[in-house]
Amino acid sequence: LTAKHCDREESIWFRTGSAEKSERALAIERFVHPEFDIMLLKLDPVENLSIASIAAPIPLFSGEFDNTWVGREIVLAGLGETPNGERGQRLFVTEPISAVQDEFIVVDGMGESGACAGDSGGPLLYSLEGKSVVLGILSKGSMSCVGADFYTRADRWLPWVVGVTSITNDDTCESLGTRGTCDWDGARWCENGKLTGTACAGKMLCGLDEQQRFRCVDSEVDPCRGVGVEAVCFGRVLSRCHEGFLQTVDCSACEMRCASNAKTAAQCVGAHSDP
């Protein structure tokens, strides 16, 4: 996971370890977010290694942000330029969150610390229940390297990441066919024997097109109004798209509520239970 503005025409390599002794992986696929400064790379390790043998994933924060986050201490991590002009050394610095914007989490080193050239795409880390989670990805920062830095909020791009990784982890097209399905904020389908997909941005939402295929369509003409095959909550109403028709269930009719979390689809649950 990195910043979209780090993309380039030549090969992109992932490296872990020091420059003298490192293990590498080549990016063999690139997935670029249509709106946010986010890019996913699918890696292929060299020398018959596995990704698990050279790197461990850091969990992505699945909650939401508001102004109560302002002032919390977080950690910037990067391999970018240091005060003496060197690069390639992994460094960490602790700073408070100065603002939460619609797209960004802003941190400010107040003239003493910050991200610098080469740190783009690096993570903003937070300790949650004793473990680090990624709050955002560095998109832009202060030219002085000791001012305000802007990290794209994880809650804005997490659904897209889940959708992309579900495509890349699926080895078969048999269950999809050319009709496809909706996953989070995108569509995926089988084309010429291979899985493909796209994220839907702006007024485009995943729904049925004129050929009755699940693709990105204008929200105003989608019979399911952007709801996919996975159930979602609108207040106490459970909604899902089935065969091109919007199905709804009012959970409150049975004295229940509609609830979901990062691990389960929406469902009607008891008024005081946690799915």
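Scroll up a little and you will see the structure.
Participant: Please explain the overall build of the chain as it appears in this structure.
Facilitator: Within the chain, the secondary structure is distributed over 2 helices and 19 strands. Sequence-distant contacts in the chain: of pairs separated by 6 or more residues, those separated by 24 or more amount to 45%. As presented, the chain carries roughly 16000 Å² of accessible surface, and 50% of it is formed by carbon and sulfur atoms.

Participant: Where do I start with the state of the cysteines in this structure?
Facilitator: A disulfide bridge is the covalent bond that connects two cysteines by way of their sulfur atoms. Summed over all chains, the structure comprises 2 disulfides. Linked covalently through their sulfurs, C116 and C145 form a disulfide whose S-S length is 2.0 Å. Residues C116 and C145 are joined through a disulfide that is right-handed, its torsion about the S-S bond being 55°. Of this pair, C116 sits in the loop between β6 (104-108) and β7 (123-128) while C145 sits in the loop between β8 (131-141) and β9 (148-153), and the two are 29 residues apart along the sequence. When sorted by exposure, C116 lands in the same class as C145, which is buried. There is a disulfide in this structure between C251 and C268, and the S-S distance comes to 1.9 Å. Taking the torsion about the S-S bond as the criterion, the C251 to C268 disulfide, at about -75°, is left-handed. With C251 in the loop between β17 (245-250) and β18 (256-259) and C268 in strand β19 (residues 267-270), the pair connects residues that are 17 residues apart, well separated along the chain. C251 gets classed as buried once you look at its relative accessible area, which sits at 1%. By relative accessible area, which is 24% here, C268 ends up partly exposed.

Participant: Is there a simple way to think about the pairing of β8 in this case?
Facilitator: Bridging between β7 and β8 involves 6 bridges; their strand directions are antiparallel. Paired with L128 across the strands is K131, a residue of β8. Hairpin connection between β7 and β8: a loop of 2 residues separates the two successive antiparallel strands, and E129 in this loop has a positive phi of roughly 55°. In this sheet, β9 lies alongside β8 in antiparallel orientation, the contact comprising 5 bridges. By the bridge assignment, I137 is partnered in β9 with T152.

Participant: What exactly am I supposed to notice about the nonpolar core here?
Facilitator: The tendency in soluble globular proteins is for nonpolar side chains to be buried as a group. Core analysis: the largest hydrophobic core is formed by 16 residues, its most contacted members being W69, I74, L124 and L135. Elements represented by at least two residues in this core include exactly β4 (73-78), β5 (91-100), β6, β7 and β8. Per element, the largest residue contribution to this core is 3 residues, and it comes from β8. Residues in contact with L135, not counting those within four places in the same chain, are F61, F65, W69, I74, I105, L124, Y126, T152, R153 and A154. I38, L125, A154 and V164 belong to the second-largest nonpolar core, a separate cluster that totals 13 residues.

Participant: Hey, could you run me through the pattern of salt bridges in this one?
Facilitator: Once their charged atoms are close, side chains differing in charge can pair, the charge on each being opposite to the other. Evaluated as defined, the whole model comprises 5 salt bridges. Residue D7 pairs with R30 through a salt bridge whose shortest N-O separation is 2.5 Å. Taken as a pair, D7 in the segment before β1 (13-17) and R30 in strand β2 (residues 22-32) lie far apart in primary sequence, 23 residues in all. A relative accessible area of 33% places D7 in the partly exposed class. R30 gets classed as partly exposed once you look at its relative accessible area, which sits at 30%.

Participant: What should I look at first to understand the sheet that holds β9 in this one?
Facilitator: Sheets are built from strands paired through backbone hydrogen bonds, the pairs being either parallel or antiparallel. Within the closed barrel, the 6 strands sit side by side as β4-β5-β6-β9-β8-β7. Their pairing is antiparallel. For this sheet, the mean angle separating the axes of adjacent strands, direction not counted, is 45°. Of the pairings in the sheet, the one linking β4 to β5 comprises 6 bridges and is antiparallel in character. Looking across to β5, one finds that L76 is bridged to V93.

Parameters at a glance
- Residues numbered from 1 in each chain as written.
- Predicted model: local features only at pLDDT ≥ 70, side-chain atom pairs only at ≥ 80, totals over all residues.
- Heavy atoms only, no water.
- Helix = DSSP H or I, 4+ residues; strand = E, 2+ residues; numbered from the N terminus.
- Contact = heavy atoms within 4.5 Å.
- Areas by Shrake-Rupley, 256 points an atom, 1.4 Å probe, with all protein chains shown as cover.
- Disulfide = S-S within 2.5 Å.
- Buried < 20%, exposed > 50% of the residue type's maximum accessible area, 1.4 Å probe, protein only.
- Pairing = 2+ DSSP bridges.
- Core = buried A, V, L, I, M, F, W, Y, C linked by side-chain atoms within 4.5 Å.
- Salt bridge = Lys/Arg side-chain N within 4 Å of Asp/Glu carboxyl O.
- Axes fitted to C-alpha atoms, helices over the stretch in contact; angles between N-to-C directions.

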